[in-house]
Amino acid sequence: MRLASWFGGLLIAVAVATSVGAISLARQHSDSAQTLTASRQPAAGAAITTSDRAQDPTRKLQPPPTPSPSPSPTAAPTAPPAAPAAPPQVTTRAPSRPALVINSTQQSLINQDRAARGLGPLTWSSCLYNVAVSNAKRIAAQGYLSHTNGPQVDLGCGLGHQAGENVGDWSLGINDRQLNTMFMNSADHRANILGPYNYVATAWVVASNGYGFIAVEFS
């Protein structure tokens, strides 16, 4: 009985020792964790080397400032060369047509012929009228048609650089529509009616025999 009591006491002592060891092991494990955390600090009296020098965990080391590169001097930007001035624009304006003045039936028929072909009308010129009267009188006096210096005299009126003249007669006196039809049926006379002119004048003269003679001046 005493022997059993003695074995029982021995077993309790071993169990207590085992429990203390487990606790100690657990605490050692905990101490090991602390050791790992505290290993940044050197042991007292130990030599400090570069490899095992610990940094103070309470002080943060700032990295040395990185030197900023000094700006290299740059040349001031130069203004681009000024563009050459554009040459002045020259506007060519077409000469304006004179105000339209109608003084004869033949002139109206001429302008109708021109309008039918998209051409501008011819206005009346008193200077050309003087030339037309002179030529109509001349051909009526001689009794037949001819040209002398009518276009040259027309240019003397200073109305343009071109001039033309149509002359005709009709045995029954003045007949503008008949003469206009005759002029338009002739290539040369039609070219004057549709020509590059701005002015016109017409004149009739009736001879003693009843013939009508007409002169038409263009410029």
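Residues numbered from 1 in each chain as written. Predicted model: local features only at pLDDT ≥ 70, side-chain atom pairs only at ≥ 80, totals over all residues. Heavy atoms only, no water.

> What exactly am I supposed to notice about the overall build of the protein here?
Counting its secondary structure elements, the protein contains six helices and four strands. Expressed as a percentage of its 219 residues, the buried residues of the protein come to 24%. Contacts in the protein between residues at least 24 apart in sequence constitute 62% of all its contacts with a sequence separation of at least 6. Counting only carbon and sulfur atoms, one obtains 59% of the accessible surface of the protein, whose full area is about 15700 Å². (Helix = DSSP H or I, 4+ residues; strand = E, 2+ residues; numbered from the N terminus. Buried < 20%, exposed > 50% of the residue type's maximum accessible area, 1.4 Å probe, protein only. Contact = heavy atoms within 4.5 Å. Areas by Shrake-Rupley, 256 points an atom, 1.4 Å probe, with all protein chains shown as cover.)

> How should the state of the cysteines be read in this particular structure?
In protein structure, a disulfide is the covalent linkage between the sulfur atoms of two cysteines. For the coordinates displayed, the defined rule picks out one disulfide. In this model C127 forms its disulfide with C157; the gap between the sulfur atoms is 1.9 Å. Taking the torsion about the sulfur-sulfur bond, which here is approximately -85°, the covalent link between C127 and C157 counts as left-handed. Of this pair, C127 sits in helix α3 (residues 126-142) while C157 sits in the loop between α4 (150-155) and β2 (164-170), and the two are 30 residues apart along the sequence. (Disulfide = S-S within 2.5 Å.)

> What am I meant to see in helix α5 (residues 176-184) here?
Structurally, the α-helix is built with 3.6 residues per turn, so residues lying three or four positions apart point the same way. All of the buried residues in α5 are D176, L179, N180, F183 and M184. The buried residues of α5 all sit within an arc of 135° when viewed along its axis, so they share a single face. Buried residues in α5 make contact with α2 (105-115), β2, α6 (187-193), β3 (199-206) and β4 (212-218). (Arc of directions from axis to C-beta.)

> Any chance you could explain the pairing of β2 here in plain terms?
Most of β2 is tucked away, with five of its seven residues classed as buried. Pairing geometry for β2 and β4, over seven bridges, is antiparallel. Within β4, the position partnered with G168 by the bridge is I214. (Pairing = 2+ DSSP bridges.)

> I tried to follow the pairing of β3 on my own but got confused; where do I start?
In summary, the side chains of a regular strand alternate between the two faces of the sheet. Among the eight residues of β3, seven are classified as buried, and the element is accordingly described as predominantly covered. Where strand β1 (residues 123-124) lies against β3, two bridges are found, and the strand directions are parallel. In the sheet register, T123 faces β3, and the bridge partner there is Y199. Examined bridge by bridge, β3 and β4 share seven bridges and lie antiparallel to one another. Across the sheet, the residue bridging to V206 is G212, located in β4. Between β3 and β4, which pair antiparallel in sequence order, lie five residues; one of them, G210, sits at a positive phi of approximately 95°.

> Would you mind going over the packing of aromatic side chains with me for this structure?
Centre-to-centre distance and the angle between the planes together describe a pair of aromatic rings. Counted by the stated rule, this structure contains three aromatic pairs. Centre to centre, the rings of W124 and Y129 are 5.6 Å apart; their planes meet at 40°, and the pair counts as tilted. Taking relative accessible area as the criterion, W124 reaches 14% and is therefore assigned buried. (Phe/Tyr/Trp six-rings, centres within 6.5 Å; stacked < 30°, edge-to-face > 60°.)

> Mind showing me how you'd approach the sheet that holds β1 here?
Each strand in a sheet pairs with its neighbour through backbone hydrogen bonds, running either in the same direction (parallel) or in the opposite one (antiparallel). With mixed pairing, the four strands of this open sheet are ordered in space as β1-β3-β4-β2. Pairing within the sheet leaves two strands with one partner each, and these edge strands are β1 and β2. Against the sheet, α3 makes contact with β1, β2, β3 and β4, and its axis sits at roughly 30° relative to β3, the strand it touches most. (Axes fitted to C-alpha atoms, helices over the stretch in contact; angles between N-to-C directions.)

> Quick question: what am I supposed to make of the nonpolar core here?
Soluble globular proteins: nonpolar side chains tend toward being buried together. Counting residues in hydrophobic clusters, the biggest one holds 12 residues: I110, L122, L179, F183, M184, I193, Y197, V200, W204, I214, V216 and F218. Elements represented by at least two residues in this core include exactly α5, β3 and β4. Setting aside residues up to four positions removed in sequence, Y197 forms contacts with R97, R114, L122, Q162, A163, G164, N192, F218 and S219. Residues A132, A136, F213 and A215 belong to the second largest nonpolar core, which totals 10 residues. (Core = buried A, V, L, I, M, F, W, Y, C linked by side-chain atoms within 4.5 Å.)

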